[in-house]
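# Architecture and fold: a report
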Amino acid sequence: MYLKEIKNIFHLELDAIYSPEEVNSFFYMLIEHFLGLERFILALEPNLIITKDEEAPLFEALSRLKLEIPIQHIIGKTHFMDLEFLVDKNVLIPRPETEDLVRWIFDDIKNHQEAITILDIGTGSGCIPIALKKQLPNAKVATLDISDKALKIATQNAKNNSVQIEFIHANILEIDKLHQKFDIIVSNPPYVRELEKKEMHKNVLQHEPELALFVSDEDPLLFYRKIASFAVNNLNDGGALYFEINQYLGKETKQLLDSTNFSDIELRQDLFGNDRMLKG
Ligand code: GLN
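All values reported here derive from a predicted model rather than from experimental measurement.

## Notes on the UniProt feature "domain: Methyltransferase small" (unreviewed entry) in the protein chain
- As recorded in UniProt, the feature "domain: Methyltransferase small" (unreviewed entry) lies at residues 114–201.
- Secondary structure across residues 114–201 comprises 25% helix and 26% strand; the distance between its end C-alpha atoms is 44 Å.

Written as C-alpha cells, this is what we have:
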C-alpha cells in the first residue's frame, strides 16, 4: 500500500477524536518508531510503497489510538528536553509545561560555580531530575517517589540517559527530614481537582496514573503545604523551592508560600499563557 494512503486512513479514522495536527504527529511518530522513516519521507518520496508486514504495526497502533490509548504508551516512550524517556501507565507522561520549569531552574543556576544539590519530589518518569542532571553534570541530584513502579522506570531512564541520581522510596506526606539539605527543591505534585476532570481527555483519565494527577476538591493544596514546610526544614540558607502548579490556583499557591515564610516569590506562566510555575 502507498504510505500516503495509510496516512489518509489515519485521518479518516482519527480526525473525529484528535486535531489533524495531532493525527499528523502521531502518524510520523509511528512511522519513525516502527519503520525508521524520517518525518519528511512523504515530501521526498510521495509514492513510497510499504509491504504488508510493515503495514501491520501501523494499523495495530491505529486501532489502539481509536481507543484513546496515548501515543506515548503505544511506542513506550516520549521526549522531554530533547532526551528520551520510557513511559507506561505507572508514570505521568512528561508535559511541555514541565520543560519550562526545568528551564527556569537551569537559567537560575547555570552560572553557579559550586556543585549544587537538588531534590525533586514525586518524580514519576524521572524527567525533571534527569534533565537537570544532564544539563548540570556537577550537581548532586536526588529524587523521591511513593510509587516503586515509578521509581523502577525512573531508574531505567537515568541509566538510559547515562546520569547518576539518588532514588529514594518515600511518601512525602510522611517524612519531615532527609539525611542532607539541598540548595534546590522542585516538585510537580498532583494538583488536578475532581471538578477539573471534565476538562480532561479520555487518554489522560483512563490511561495515566491517578496517583500522579488528582487531589480532592476540599484540599487541593495538600501537597504544596506539606512540601513547602518540608522545604523550610530541608533547604540550605538561600535555597529555593520551585513548583509546577494548578493554573487556577496561582494566587492561592503563592499565598501559601508567603505564609510559609518564603520570600522573593515569583509566579510564571507556561507556554500556553497559564499560571504554571512558582518559585520562592
Ligand atoms: N499538567 C498535568 C495535566 O494537566 C497535571 C500534572 C499534575 O497533576 N502534576 O494532565
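## Some words on the UniProt feature "domain: Release factor glutamine methyltransferase N-terminal" (unreviewed entry) in the protein chain
- When the UniProt feature table is mapped onto this chain numbering, "domain: Release factor glutamine methyltransferase N-terminal" (unreviewed entry) sits at residues 18–76.
- Each end of residues 18–76 is marked by a C-alpha atom, and these two atoms are 20 Å apart; helix forms 68% of the span and strand 0%.

## Looking at the confidence of the model for the protein chain
- The predicted model of the protein chain has a mean per-residue pLDDT of 96, with 100% of residues at 70 or higher.
- Across the interface, the model reports ipTM at 0.91; the global pTM reads 0.93.

## Structural notes on the packing of helix α2 (residues 20–35) against helix α4 (residues 52–66)
- Put simply, α2 and α4 touch, their axes get as near as 10 Å, and they point 140° apart. As summarised for this structure, α2 and α4 are arranged oblique, according to the angle between their axes. Crossing angle aside, the handedness with which α2 passes α4 is right-handed. Two secondary-structure elements touch here, α2 through Phe26, Leu30, Phe34 and Leu35 and α4 through Glu54, Pro57, Leu58, Ala61 and Leu65.
- When its residues are assigned to classes, the contact of α2 with α4 shows eight nonpolar, no polar and one charged.

## Considerations on the packing of helix α1 (residues 3–14) against α2
- Between α1 and α2, the shortest axis-to-axis distance is 10 Å and the interhelical angle comes to 135°. In terms of orientation, α1 lies oblique with respect to α2. Crossing of α1 over α2 shows right-handed handedness. Side by side, α1 and α2 meet where Lys7, Phe10, His11 and Leu14 of the first sit next to Pro20, Val23 and Phe27 of the second.
- Partitioning the contact of α1 with α2 into residue classes produces five nonpolar, one polar and one charged.

What counts and what doesn't
Residues numbered from 1 in each chain as written. Predicted model: local features only at pLDDT ≥ 70, side-chain atom pairs only at ≥ 80, totals over all residues. UniProt positions renumbered as here; feature names shortened; annotations may be inferred. Helix = DSSP H or I, 4+ residues; strand = E, 2+ residues; numbered from the N terminus. pLDDT = per-residue confidence, 0-100. Axes fitted to C-alpha atoms, helices over the stretch in contact; angles between N-to-C directions. Parallel < 35°, antiparallel > 145°, perpendicular 65-115°, else oblique. Left-handed = near helix turned anticlockwise from the far one by under 90°. Contact = placed C-beta atoms within 7 Å. Nonpolar A, V, L, I, M, F, W, Y, C, P; charged D, E, K, R; others polar.

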